Amino acid sequence: MQKFRFQAIMTKEWLFGKTLAELEELVVSRGYKKFTARQITDWLYKKQAVSLNEMTNLSLKMRKELSADYEVGHFPPASVQCSTDGTKKYLFPTLSGGYIESAYIPDKNRATLCVSSQVGCKMHCLFCMTGRQGFAAHLSAGEILNQIRSVPESTSLTNIVYMGMGEPLDNPDNVLKSLEIMTSDWGFAWSPTRITLSSIGIIPAMKRFITESNVHLAISLHSPFDKERLSLMPVQNKYKIADVIAEIKKHDFSHQRRVSFEYILFKRLNDTPKHAAELGKLLKGLECRINLIRFHRIPDSPLSPSDETTIQQFREAMNKQGIITTVRASRGEDIFAACGMLSTQAKNKTK
């Protein structure tokens, strides 16, 4: 594991992670012209300033006054693990004192970063290592964006997926703020079609996400049967997958924006022809695709990955029903592949 030199995290409030509207309110409240907020966003999100002193088109007086209460924010990863396939797992400290992970995944002409949205998670999915940590803290918008800003591959990234630690729609305010900064012309100015958010289906926050952003949506499904999904995902008790899909059907995903479903295959649990048939019924009439995922084993889990023959048979069964279905390539299996394993190790060492 490669370790980086890490400086202590400052305690001043971050400017990095604030929206244009928030910065406009901030500067006006201090007696400055509203347009200076856009100058600040330019330094934060386009010029990648690391200190207020770099913002030379702001008056010296303004820089000094802001420096008393604010810092630019963001910090580097604490360590990285490198896989033989090019995948890298970065470990970041957080303002709350915990750790999060980000995964860099290169693939031909794509370079994807998988980012986290929480320290730990409340959802306790049976197959998830992060869920075993319990919930510690929400990441701020700045901490979410810091993962994108601070990895060495930052300038070569082509895609971002909110599929790391935590449930993004359990932290909707900060996640939506980070998406606004990512996609706005005054922010990182990314196309929404290059970003995907994954959720287990928290319906009220999902409705907000669908109406307030234009990025892709991926829903963690994992079983079409209520009782079986409940055994894997306690959220099923409150937000049934049928209700999640019914809500999605109310919205238009027929153009550039798309909805997909993630389905981890577990040996002799959810990988049978019966499951494929029921999954087809559940998704009938919805323009979508399915990503089948090989299970990455986690310690002391009762779950096992399906064999390769079963995975391909399941894919063919779904494609025959007219639903585009692919098998996601497994990456980083020679390092801590499953999400949450690296941060769990760091957390245990700290203890």
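Residues numbered from 1 in each chain as written. Predicted model: local features only at pLDDT ≥ 70, side-chain atom pairs only at ≥ 80, totals over all residues. Heavy atoms only, no water.

Caption draft 1: Broad picture of the side chain of glutamate 101. Its location among the elements puts glutamate 101 in strand β6 (residues 99–107). Under the relative-accessibility criterion, glutamate 101 is labelled buried at 2%. A distance of 2.6 Å separates a polar atom in the side chain of glutamate 101 from a polar atom in the side chain of lysine 89. (Helix = DSSP H or I, 4+ residues; strand = E, 2+ residues; numbered from the N terminus. Buried < 20%, exposed > 50% of the residue type's maximum accessible area, 1.4 Å probe, protein only. Polar contact = N/O pair within 3.5 Å; in protein donor to acceptor, adjacent residues only side chain to side chain.)

Caption draft 2: The packing of aromatic side chains, seen in detail. Using the criterion set out here, one finds seven aromatic pairs in the structure. One aromatic cluster in this structure is built from Phe16, Tyr45, Trp186 and Phe188. The residue whose ring lies beneath lysine 47 is tryptophan 43, and the NZ or CZ to ring-centre distance is 4.2 Å. (Phe/Tyr/Trp six-rings, centres within 6.5 Å; stacked < 30°, edge-to-face > 60°. Lys NZ or Arg CZ within 6 Å of the ring centre and 35° of its normal.)

Caption draft 3: Focus on the packing of helix α10 (residues 273–282) against helix α11 (residues 308–320). Relative orientation of the contacting elements α10 and α11 amounts to 30°, with a least axis distance of 9 Å. Two packed elements cross with a definite hand, and for α10 against α11 that hand is right-handed. On the side of α10, the interface is formed by His275, Ala276, Leu279 and Gly280, while α11 contributes Phe314, Ala317 and Met318. A per-class count over the contact of α10 with α11 returns five nonpolar, two polar and no charged. (Axes fitted to C-alpha atoms, helices over the stretch in contact; angles between N-to-C directions. Left-handed = near helix turned anticlockwise from the far one by under 90°. Contact = heavy atoms within 4.5 Å. Nonpolar A, V, L, I, M, F, W, Y, C, P; charged D, E, K, R; others polar.)

Caption draft 4: Examining the pairing of strand β12 (residues 216–220) more closely. Counted residue by residue, β12 has five buried out of five residues, so it is predominantly covered. A two-sided burial pattern is seen for β12, the buried positions comprising His216, Ala218 and Ser220 on one face and Leu217 and Ile219 on the other. Here strand β11 (residues 195–199) runs beside β12; their pairing, made up of four bridges, is parallel. The residue bridging serine 199 from the neighbouring strand is isoleucine 219, located in β12. The β-α-β motif built from β11, the intervening helix α7 (residues 203–212) and the parallel element β12 has right-handed crossover chirality. Of the pairings in the sheet, the one linking β12 to strand β13 (residues 259–265) comprises four bridges and is parallel in character. In the strand pairing of β13, isoleucine 219 is matched with phenylalanine 261. (Pairing = 2+ DSSP bridges. Right-handed = clockwise from strand over helix to strand, strands pointing away.)

Caption draft 5: Expanded view of unusual backbone geometry. One non-glycine residue with positive phi stands out, namely histidine 74, at about 85°. Looking at the element boundaries, histidine 74 is found in the loop between β3 (70–71) and β4 (79–82). A positive phi is found at histidine 124, a non-glycine position, where the angle reads about 55°. For histidine 124, the location among the structural elements is in the loop between β8 (118–120) and α4 (129–133).

Caption draft 6: Region of interest: the pattern of salt bridges. Counted according to the given criterion, the structure contains 14 salt bridges. Here glutamate 13 ties to lysine 18 by a salt bridge, and the two come within 2.6 Å at their closest N and O atoms. Across the pair glutamate 308 and arginine 294 runs a salt bridge whose closest N-O atoms are separated by 2.8 Å. With glutamate 308 in helix α11 and arginine 294 in strand β14 (residues 289–294), this pair connects stretches of sequence that are 14 residues apart. Accessibility expressed as a relative area gives 37% for glutamate 308, which makes it partly exposed. (Salt bridge = Lys/Arg side-chain N within 4 Å of Asp/Glu carboxyl O.)

Caption draft 7: Quick peek at the environment of glutamate 180. Among the structural elements, glutamate 180 can be located in helix α6 (residues 172–183). Exposure remark for glutamate 180: the relative accessible area of 37% places this residue in the partly exposed category. The spatial distance from the C-alpha of glutamate 180 to the C-alpha of alanine 49 is 19 Å, given a sequence separation of 131 residues. Setting aside residues no more than four positions away along its own chain, glutamate 180 makes contact with Thr19 and Trp186.

Caption draft 8: Main features of the nonpolar core. Core analysis: the biggest nonpolar cluster contains 97 residues, and Ile160, Tyr162, Leu217, Ile248 and Phe261 have the highest contact counts within it. Apart from residues lying up to four places away in sequence, isoleucine 160 is in contact with Leu113, Val115, Ile148, Met182, Trp190, Arg194, Ile195 and Thr196. (Core = buried A, V, L, I, M, F, W, Y, C linked by side-chain atoms within 4.5 Å.)

Caption draft 9: Spotlight on the pairing of β4. Inspection of the sheet shows β4 paired to strand β5 (residues 88–93) by four bridges, in the antiparallel sense. Counted as the bridge partner of glutamine 81 is lysine 89 from β5. Between β4 and β5, which pair antiparallel one after the other, the connecting turn spans five residues, and glycine 86 there sits at a positive phi close to 100°.

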